[in-house]
Amino acid sequence: MIKLFTLILGIIMPSLCYAVDSTNNSPLINQDTLWVLVCAILVFLMQAGFKTLETGLVKKEHKAGVGAKNLLDMVAGIMGFFLIGYSFMFGESLWGFIGLDTNLMVGNHFTNGDLNINGTVFFLFQVAFAGTALTIVSGAMSGRTGVLPYFIGSIVTAIIIYPIFGHWAWGNLLFSSNHAWLAELGFLDFAGSTVVHTLGATVGLVGMILVGPRLGRFDRKGKVLPIKVADYSYSILGVMLLWVGWWGFNGGSTLKFDVSVFEIILNTNLAAAGAGFSAFLMCYFFQDRSELIEKLMGGALTGLVAITACCNIVTPLNALIIGLLAGIIHNLSFDLILRVFKLDDPVGAIPVHGFGGIFGTLAVALFGKEELLVLPRWEQLLVQAIGIEVCIAFTVVIAFIMFKLIKVTYGLRVAPEQELEGMLIGRNMPEEFYQEEGVVKVQYVSMKVSDKGYNLINFKDFVAFNKQYREQLIQAEKVNFIDSKGKKVDNATALKQLAILLKEPLKENNLPSVG
């Protein structure tokens, strides 16, 4: 298999790795373009990681609804960023505030600008980043937010909040002559600790405050009450998928394929490992092992977020130190958000993306190689802090207006019964969607008709019998209940299921189960 893969690469690489004259904005096809395209795919697949992480950490009733919102993130992000957001972010700058150039496309492809990569590939890479910022909001507000309000919020974030701040920090990536006032101050954020993560966390924080906590998260005195999550193992898989996707998130931000890529990916992995290690040890020995799995997962992700801003300018040893500190910061901020501020963050988005993004952006000045900084170290630290403050202030204002308007017009929160029972795209969740996996369902009934003779009937046909006749059969021990695999079901379980069916109309091929 490996030999076959190598042979295929050997055949296609010569045809891919050549450059087409770009004087008339023709597409560039070279190794840099190919690398950024691969990284765009990895970043896009991080959506699957976010979906897996979030659906594992919410209540089982909300798994399908949260997954649907993750899909809507992709829909809103791609459409909004393509139609408006990309121009706002990378178009010709108006006083350094916003891009307004509508001529970013030439023919059927995006312009290459001053880049040595295909312009359409650059767009694909950037739209994947925009989708990441949107998905952070999903996790913070999951379990009680309506689908339509969330979709509106995603679109506004994709076309206004993310692109405008992105223009201030990264607006000169496509055209180096563009005014990007934060970048011109010397603000450095290599792959988006602030531009993507702090921004997304701030939108989520505002929405989280306005929508309120989930039912049953706090008692009347503010004490934290446990909420059973759907599946920790599913969430751990999500962390692993995100970790792999971060290779493209950071590695592709070079916008070229050179030797710096290898150390960037090394630094990314060291920071994640260090953060997961310190978060686990801190929780295990100093925090009564409270939310141990959440803090292990969140710690590793916080390390990934923190190294994102500075992975290109720190040594591997410093990357490990950044990770170790990020894990501690995560655990402290996790308890701060939940136990001090009493905010309900189902997936820990604010500690990971908010606090991790702030720390990572400051780490540029604190740990970056001085010769690679734009300004002297302490001046650089001041500029980094200014960038963070601007991001938070701008995002809070726009997000508050957006969510407040939604709240007073349509409403942010679902009805209490929908929150408790789950909902799927605007309707109550069907019962079969949130029943426990592995619960026995009676499918057939074996009726004894003679000493050696039995009739096998469908359970719903047995339910349709006269009540007195059913009871006579059961009391005379002339029936056995059987599941779909042919195994016997005990009478107590079968009678509970029978009771459920008698209260509701029979549904074709749907037998409610009981536990």
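Our subject is the structure that appears above.
How each quantity is defined
- Residues numbered from 1 in each chain as written.
- Predicted model: local features only at pLDDT ≥ 70, side-chain atom pairs only at ≥ 80, totals over all residues.
- Heavy atoms only, no water.
- Helix = DSSP H or I, 4+ residues; strand = E, 2+ residues; numbered from the N terminus.
- Buried < 20%, exposed > 50% of the residue type's maximum accessible area, 1.4 Å probe, protein only.
- Areas by Shrake-Rupley, 256 points an atom, 1.4 Å probe, with all protein chains shown as cover.
- Core = buried A, V, L, I, M, F, W, Y, C linked by side-chain atoms within 4.5 Å.
- Pairing = 2+ DSSP bridges.
- Axes fitted to C-alpha atoms, helices over the stretch in contact; angles between N-to-C directions.
- Left-handed = near helix turned anticlockwise from the far one by under 90°.
- Nonpolar A, V, L, I, M, F, W, Y, C, P; charged D, E, K, R; others polar.
- Salt bridge = Lys/Arg side-chain N within 4 Å of Asp/Glu carboxyl O.
- Expected span 1.5 Å × (residues − 1).
- Contact = heavy atoms within 4.5 Å.
- Phe/Tyr/Trp six-rings, centres within 6.5 Å; stacked < 30°, edge-to-face > 60°.

1. Quick notes on the overall build of the protein chain
Alright, step 1. When helices and strands are tallied, the protein chain shows 17 helices and ten strands.
Alright, step 2. Here the protein chain holds 515 residues, and the buried ones make up 53% of them.
Alright, step 3. For the protein chain, the exposed area adds up to about 23500 Å²; of that, 65% sits on carbon and sulfur atoms.

2. What about the nonpolar core?
Alright, step 1. Core analysis: the biggest nonpolar cluster contains 99 residues, and Phe81, Tyr86, Tyr162, Phe165, Ile322 and Phe403 have the highest contact counts within it.
Alright, step 2. A per-element tally of this core places helix α4 (residues 119-140) first, with twelve residues.
Alright, step 3. Among the nonpolar cores identified, the runner-up in size contains 15 residues, and Val442, Ile474, Val489 and Leu498 belong to it.

3. Re the sheet that holds strand β10 (residues 488-489)
Alright, step 1. Ordered by their spatial adjacency, four strands build an open sheet running β8-β7-β9-β10, and the pairing between neighbours is antiparallel. Single-partner strands in this sheet number two, and they are β8 (454-458) and β10.

4. So, the packing of helix α3 (residues 63-90) against helix α5 (residues 147-170)
Alright, step 1. Viewed as axis vectors pointing N to C, α3 and α5 meet at an angle of 35°, and their least axial separation amounts to 8 Å. Viewed along their axes, α3 and α5 form a crossing whose handedness is right-handed.
Alright, step 2. Split into classes, the residues belonging to the contact of α3 with α5 amount to 17 nonpolar, six polar and two charged.

5. Some points on the pattern of salt bridges
Alright, step 1. With the rule as written, the count across this model stands at ten salt bridges.
Alright, step 2. Notably, a salt bridge pairs Arg214 with Asp344, separated by 2.8 Å at the nearest N-O pair. Here the residue Arg214 occupies a position in the loop between α7 (193-211) and α8 (232-251), and Asp344 occupies one in the loop between α11 (316-340) and α12 (349-367), the gap between them amounting to 130 residues. In this structure, Arg214 and Asp344 share a single accessibility class: buried.
Alright, step 3. A salt bridge links Lys369 to Glu263, with the nearest nitrogen and oxygen atoms 3.8 Å apart. Remark: Glu263 occurs in helix α9 (residues 260-286) and Lys369 occurs in the loop between α12 and α13 (377-409); sequence separation between them is 106 residues.
Alright, step 4. One connected set of salt bridges, linked through shared partners, spans Glu291, Lys295, Asp335 and Arg339.

6. Focus on α7
Alright, step 1. Its 19 residues give α7 an end-to-end C-alpha distance of 26 Å, which sits within 8% of 27 Å, the value for a rise of 1.5 Å per residue.
Alright, step 2. Of all 19 residues making up α7, 17 are buried, and the element is well covered by its neighbours.
Alright, step 3. Just beyond α7, the residue with positive phi is Gly212, at close to 85°.

7. A closer look at the environment of Phe465
Alright, step 1. Note that Phe465 resides in the loop between α15 (459-463) and α16 (467-475).
Alright, step 2. Taking the relative accessible area as the measure of exposure, Phe465 reaches 26% and is therefore partly exposed.
Alright, step 3. Apart from the residues lying within four places of it in its own chain, the contact partners of Phe465 are Met447, Ile457, Arg470 and Leu473.

8. What about the side chain of Asn267?
Alright, step 1. Mapped onto the secondary structure, Asn267 falls in helix α9.
Alright, step 2. With near-sequence residues (within four places) excluded, Asn267 lies in contact with Ile307, Cys311, Val314, Thr315, Pro316 and Ala319.

9. So, the pairing of strand β9 (residues 479-483)
Side chains on a regular strand alternate between the two faces of the sheet.
Alright, step 1. Burial within β9 is extensive, with four of its five residues counted as buried.
Alright, step 2. Of the strand pairs in this sheet, strand β7 (residues 442-448) and β9 are connected by five bridges, and their pairing is antiparallel. The residue bridging Met447 from the neighbouring strand is Val479, located in β9.
Alright, step 3. As judged from the two bridges shared by β9 and β10, these two strands associate in the antiparallel manner. Each residue of the ladder has a partner; that of Ile482, found in β10, is Lys488.

10. Regarding the environment of Asn178
Alright, step 1. Counting through the fold element by element, Asn178 comes out in the loop between α5 and α6 (181-185).
Alright, step 2. Taking the C-alpha atoms as reference, Asn178 lies 9.1 Å from Leu94; in sequence the two are 84 residues apart.
Alright, step 3. Residue contacts for Asn178: discarding those within four places in its chain leaves Phe90, Gly91, Glu92, Ser93, His167, Gly171, Asn172 and Glu184.

11. Quick look at the packing of aromatic side chains
Alright, step 1. Counted according to the given criterion, the structure contains 26 aromatic pairs.
Alright, step 2. Ring centres 5.7 Å apart and planes at 50° place the aromatic pair Trp168 and Trp181 in the tilted group. Of this pair, Trp168 sits in helix α5 while Trp181 is found in helix α6, placing the two residues 13 residues apart along the sequence.
Alright, step 3. Relative accessible area serves as the criterion here: at 31%, Trp181 is assigned to the partly exposed category.

Any functional reading would require information beyond the geometric quantities listed.
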